[in-house]
Amino acid sequence: MTHYYEENDLERFDEIGKYRPDLYDIFMNYYQGVMSAGALTTREKALIALAVAHAVQCPYCIDAYTRGSLEAGSNMEEMTEAIHVAAAIRGGATLIHGIQAHNVAAKISI
Amino acid sequence: MLPFARKLEDLGYPDLRAASVDILQVNLGWRCNQACKHCHLLAGPDRLEQMERDTMDEIVRVAARWSIPTVDLTGGAPELNPHFEYLVERLAATGTHILSRCNLTVLLEPGKEHLPEFYRDHRVELVCSLPYYQADLVDRLRGTGAFEKSLEALQRLNRAGYGEADSGLTLNLMYNPAGAYLPPEPGALEEIYHRELDNRFGIRFNRLLTLLNMPIGRFKDFLERSKNYDRYMGKLVAGFNPATVAGLMCRTLISIAWDGRLYDCDFNQALDLPLVSGLPQTIWDFDLATLATRPIRLADHCYGCTAGLGSSCGGCLAKE
């Protein structure tokens, strides 16, 4: 292992089922059910997944759902907007926690 | 990688065979006014390969003699063959259904302005390349300005009646990916194409077909240059879908090269993989009974037709 993140590890995902295949199977069934077309299209779900991948900063997920979004027919404009949505929510979440800081400061200040 | 023939053998197809010959796919030559980055034939303005009239005459004879339901014209840009109109007129007289693959921009070339009305008058079904509904992806694949020219060509086809309700003039569009990834299922994307092209440009069409980029020709060069080849092939192999095998286009189609030689498909033609030895090898030897049950010549690029929903000149092969 030369890096913590190895590109080819994505293809080894199923190895995580080695010690508890029952849990892996439950997860995969759930995962596939979630990502299949439903009230949302697979295209919309891939864009959500891409945004979440950036929010959780998972390079495997970013790789998988950049490809997944393109394979669902999305374009770079849509994908970049989705990433901005993730950034906006993360930014907003940071700022709203600033109120906690204000509250703490207010409580301890004379 | 498991060889494609072995993969089929394991599935119970020890020798994949044709089921019929419903389509003669005629490649009129490799000359094209574009040099698209994904072209499996390396077609372009400098290519000299062109079908001659005597070959066309034999194709017309075969289509009539064997009552072939459909003749599918391709290239290159088939319209750049100087005998294109000659062939279409004679095929139309046989009563066969004519389908022509059009890159759209050729309709704006000098001397080709009459083509929308010519297609209409001969009831030619059109499959037109439009890899996306936005300029940047189309121009990246097909050359700067290709998107704007394609829009102009589509508007001319609409004015001739193509894509209009109840006209009976079919105008289908063909999507292909602008890189090393697979095409989407066509349904959702077709809705977006309809909405975007109609709202922004007033363009109407019938269906959107999706085609996978075959890992040969210029696209293979790109895959190798960008170090995407192994992963792309891995994706095709991993995506093998047994449900596509029954509908593979080689089972109902035969490909005729510009020089009259026969192939199982246009991709085998590009790779110069002729029909299996012992079969008729040229249009002059055509024999329906023999060719309709022929064994298909397979190679590893065939994984491109069986990945995911499958891929063919008529779009995807399996249900979503």
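Residues numbered from 1 in each chain as written. Chains lettered and ligands numbered in written order. Predicted model: local features only at pLDDT ≥ 70, side-chain atom pairs only at ≥ 80, totals over all residues.

(A) Up close: the overall build of chain B. Along chain B, the regular secondary structure elements total 12 helices and 8 strands. For 320 residues, the compact-globule estimate of 2.2 N^0.38 gives 20 Å, and chain B sits close to it at 19 Å. Pairs at least 24 residues apart make up 73% of the contacts formed inside chain B by residues separated by at least 6 positions. (Helix = DSSP H or I, 4+ residues; strand = E, 2+ residues; numbered from the N terminus. Rg over C-alpha atoms; globule rule 2.2 N^0.38 Å. Contact = placed C-beta atoms within 7 Å.)

(B) Highlighting the pairing of strand S5 (residues 171-175) of chain B. All names here are of chain B. Where burial is concerned, most of S5 is hidden: 5 out of the 5 residues are buried. By the alternation rule, side chains of S5 split into Leu 171, Leu 173 and Tyr 175 and Asn 172 and Met 174, which are all buried. By the bridge criterion, 4 bridges tie strand S4 (residues 125-129) to S5 in an arrangement that is parallel. Looking at S5, one finds that Ser 129 is bridged to Met 174. Where S5 and strand S6 (residues 208-210) come together, 3 bridges link them in parallel fashion. Among the inter-strand pairings, Met 174 is bridged to a residue of S6, identified as Leu 209. Handedness of the crossover joining S5 and S6 through helix H7 (residues 186-201): right-handed. (Buried ≥ 20, exposed ≤ 12 C-beta atoms within 10 Å, placed from the backbone. Pairing = 2+ DSSP bridges. Right-handed = clockwise from strand over helix to strand, strands pointing away.)

(C) The packing of helix H5 (residues 135-142) of chain B against helix H6 (residues 146-159) of chain B, seen in detail. Residues and elements named next belong to chain B. Two elements in contact, H5 and H6, have axes separated by 7 Å at closest approach and are oriented at 105 degrees. On the basis of the axis angle, H5 is roughly perpendicular to H6. Residue-level contacts link Ala 135, Val 138, Asp 139 and Arg 142 of H5 to Ala 146, Phe 147 and Ser 150 of H6. Taken together, the residues of the contact of H5 with H6 sort by class into 4 nonpolar, 1 polar and 2 charged. (Axes fitted to C-alpha atoms, helices over the stretch in contact; angles between N-to-C directions. Parallel < 35°, antiparallel > 145°, perpendicular 65-115°, else oblique. Nonpolar A, V, L, I, M, F, W, Y, C, P; charged D, E, K, R; others polar.)

(D) Highlighting the interface of chain B and chain A. Opposite the 10 residues of chain B that make contact, chain A presents 8 residues. Per element, the largest residue contribution to the side of chain B that touches chain A is 3 residues, and it comes from H7(B). Class assignment for the residues of the side of chain B that touches chain A results in 8 nonpolar, 2 polar and no charged.

(E) A look at unusual backbone geometry. Residues and elements named next belong to chain B. With omega at 20 degrees, the peptide bond leading from Gly 75 into Gly 76 counts as cis. Within the secondary structure layout, Gly 76 lies in the loop between strand S2 (70-74) and helix H3 (84-94). Its identity is not glycine, yet Leu 104 carries a phi of approximately 75 degrees, on the positive side. Among the secondary structure elements, Leu 104 is positioned in the loop between strand S3 (97-102) and helix H4 (115-121). Non-glycine residue Lys 227 carries a positive phi angle of around 60 degrees. Within the secondary structure, Lys 227 is located in the loop between helix H8 (217-225) and helix H9 (229-238). Accessibility expressed as a C-beta count within 10 Å gives 9 for Lys 227, which makes it exposed.

(F) Representation of the confidence of the model for chain B within the structure. Of the residues in chain B, 99% have a pLDDT of 70 or more, and the chain-wide mean is 95. On the interface metric, ipTM, the complex scores 0.81, and its pTM is 0.90. (pLDDT = per-residue confidence, 0-100.)

(G) View of the sheet that holds strand S7 (residues 253-256) of chain B. All names here are of chain B. Read across the open sheet, the 8 strands follow the order S6-S5-S4-S3-S2-S1-S7-S8; overall the sheet is mixed. Here the strands that pair on one side only, and so sit at the sheet edges, are S6 and strand S8 (262-263). Across the sheet, helix H2 (residues 53-65) lies against strand S1 (23-27), S2 and S7, angled at about 175 degrees from S1, the strand it touches most. Packing against the sheet, H7 makes contact with S5 and S6, and its axis sits at approximately 135 degrees to S6.

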